[in-house]
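# Structural description and commentary
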Amino acid sequence: MDAKALFFYALLSFSAVSLRPALANNGEDPGLVMNFYKESCPQAEDIIKEQVKLLYKRHKNTAFSWLRNLFHDCGVQRCDASLLLDSTRRTLSEKETDRSFGLRNFRYIETIKEALERECPGVVSCADVVVLSGRDAIVSLGGPYIPLKTGRRDGRRSRADVVEQYLPDHNESISIVLERFGAIGIDTPGVVALLGSHSVGRTHCVKLVHRLYPEVDPVLNPDHVPHMLKKCPDSIPDPKAVQYVRNDRGTPMILDNNYYRNILDNKGLLIVDHQLANDKRTKPYVKKMAKSQDYFFKEFSRAITILSENNPLTGTKGEIRKQCNVANKRHGHEEEEEP
Ligand code: HEM
Ligand SMILES: *[C@@H]1O[C@H](CO)[C@@H](O)[C@H](O)[C@H]1NC(C)=O
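Residues numbered from 1 in each chain as written. Chains lettered and ligands numbered in written order. Predicted model: local features only at pLDDT ≥ 70, side-chain atom pairs only at ≥ 80, totals over all residues. Heavy atoms only, no water.

Aromatic ring pairs: the centre-centre distance and the angle between the two ring planes describe each pair. The full count for this structure, using the stated rule, is 6 aromatic pairs. Measuring from ring centre to ring centre gives 5.1 Å for Phe36 and Tyr37, while their planes differ by 85°; the resulting arrangement is edge-to-face. Judged by its relative accessible area of 2%, Tyr37 is buried. Residues Tyr259 and Tyr260 carry aromatic rings whose centres are separated by 5.0 Å and whose planes lie at 80° to one another, so their mutual orientation is edge-to-face. Aromatic rings pair up to connect Tyr259, Tyr260, Phe296, Phe297 and Phe300 into one cluster. (Phe/Tyr/Trp six-rings, centres within 6.5 Å; stacked < 30°, edge-to-face > 60°. Buried < 20%, exposed > 50% of the residue type's maximum accessible area, 1.4 Å probe, protein only.)

Here is the structure:
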């Protein structure tokens, strides 16, 4: 083969990999299935698990990020890794919104993706990386192992301006929260269980100062207030100092039902956390989860499964990104829109 032929051969096999649609032998789109990569990349799920473990050893907070990513990606239209895309010259991406405040560790998602690319180039989607890293992070944090389907493909766009229509704010009413999650098939106990994620990680003072200044929110447990004031000493937090309060002072690194005892004790940091324990629709489930970790885990697993299956791109839709922060370069049809 001469140099030119070799070049075209390389180009052809390269695009054959990255454009290979996810179809079954009969040419049909199987949708999401268990172990989607069993033929195309049998070690995929193990590679992700291994990377999540290695990263967790080095930076414990990566696990918080993988769990939160699952909500912020799948909760906005669909699980398509649109959360991971950088802004382009024309469009501000989801990461850049106020709702995404505090999201971190994006560069380590690329570490996971790079490990997959080394073994199976162009095969495993970033959308599946988001979901499976979230699943494995839950285990790192002491939560349940949740078997989840795969076969998601990556979206090509990410738009900051749609995020607020999907993700509730820190001070949203329970009615809106139930409505937003209800729209993707998650019922009241499912919502209560998902918010149990606030059993780990942190909340920055910018999201809390309105509960402390000019007056302390009278519903806050007075025993918790001095700690919050110490962590957030200024009514306008210094943007350069990273000031935050841990979501669960008791067991900050463990995904457990301590969250429910905290919020029943009026130690919930966010207004939504507080209201979850005080709204008559959600309070019975909060009490039940505070009593039974098994019940919390059962509902949590069910709700994470529904969230992870929200409206995916499968079959020939979307693409398999090479790098999770940028859509692949396209030739010819630049103007094509995602549905
Ligand atoms: C009503 C729904 C929700 C609201 C309003 C909300 C809001 C927030 C806010 C404001 C923070 C603090 C961010 C910061 O200051 O750095 C946070 C943290 C967090 N959220 Fe949520 N959240 C919601 C639901 C969820 C769900 C469903 C999950 C997971 C399935 C989740 C997982 C997390 C995690 C793990 C953190 C800690 C992140 C870290 O420490 O890096 N949240 N959330
Ligand atoms: C919620 O907080 C934001 C600031 O983060 C504020 O702009 C908004 O008005 C608040 N909404 C409600 C319903 O209190």
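Here the narrative resumes, following the displayed structure.
Looking now at helix α13 (residues 293-308). When the terminal C-alpha atoms of α13 are compared, their 22 Å separation across 16 residues agrees well with the 22 Å that a helix rising 1.5 Å per residue should span. Taken together, the buried positions of α13 are Tyr295, Phe296, Phe297, Glu299, Phe300, Ser301, Ala303, Ile304, Leu307 and Ser308. Summarising the contacts, the buried residues of α13 are in contact with α3 (61-74), α5 (126-140), α8 (188-195), α10 (258-264) and α12 (283-291). (Helix = DSSP H or I, 4+ residues; strand = E, 2+ residues; numbered from the N terminus. Expected span 1.5 Å × (residues − 1). Contact = heavy atoms within 4.5 Å.)

Within the secondary structure, Lys57 sits in helix α2 (residues 44-58). When the C-alpha positions of Lys57 and Ser140 are compared, they lie 9.6 Å apart, and in sequence the two are 83 residues distant.

The next point concerns the coordination of the iron atom of ligand 1. Protein coordination of the iron atom of ligand 1 rests on one atom only, His198 (NE2), at 2.1 Å. Within the secondary structure layout, His198 lies in the loop between α8 and β1 (202-204). (Donors = N, O, S within 2.8 Å, 3.2 Å for Na, K, Ca; no water.)

In the vicinity of ligand 1 there are 22 residues, among which Arg104, Ser197, His198, Arg202 and His204 approach most closely. Here an oxygen atom of ligand 1 sits 2.8 Å away from a polar atom, N or O, in the side chain of Arg104. Note that an oxygen atom of ligand 1 is positioned 2.7 Å from one of the side-chain N or O atoms of His204. For the shell around ligand 1, the secondary structure elements donating two or more residues are α3 and β1. If you tally residues by element for the shell around ligand 1, the top one is α3, at 4 residues. Within the shell around ligand 1, the residues separate by chemical class into 10 nonpolar, 8 polar and 4 charged. In this structure, the shell around ligand 1 is formed jointly by two domains, domain 1 (30-165) and domain 2 (174-306), each of which donates at least three residues. (Near = heavy atom within 4 Å. Polar contact = N/O pair within 3.5 Å; in protein donor to acceptor, adjacent residues only side chain to side chain. Nonpolar A, V, L, I, M, F, W, Y, C, P; charged D, E, K, R; others polar. Domains from an automatic or database assignment.)

This next bit is on the state of the cysteines. Inspection of the entire model under this criterion finds 4 disulfides. Disulfide pairing is shown between Cys74 and Cys79; the S-S distance is 2.2 Å. The disulfide joining Cys74 to Cys79 has a torsion of about 120° about its S-S bond and is therefore right-handed. Summarising the burial analysis for this pair, Cys74 and Cys79 share the class buried. Note that Cys126 is cross-linked by a disulfide to Cys324, the S-S spacing being 2.1 Å. In this structure, the disulfide formed by Cys126 and Cys324 twists by about -90° around the S-S bond and is classed as left-handed. A residue pair is termed long-range when its members are at least 10 positions apart, and Cys126 in helix α5 and Cys324 in the segment after α13 qualify at 198 residues. Taking relative accessible area as the criterion, Cys126 reaches 0% and is therefore assigned buried. (Disulfide = S-S within 2.5 Å.)

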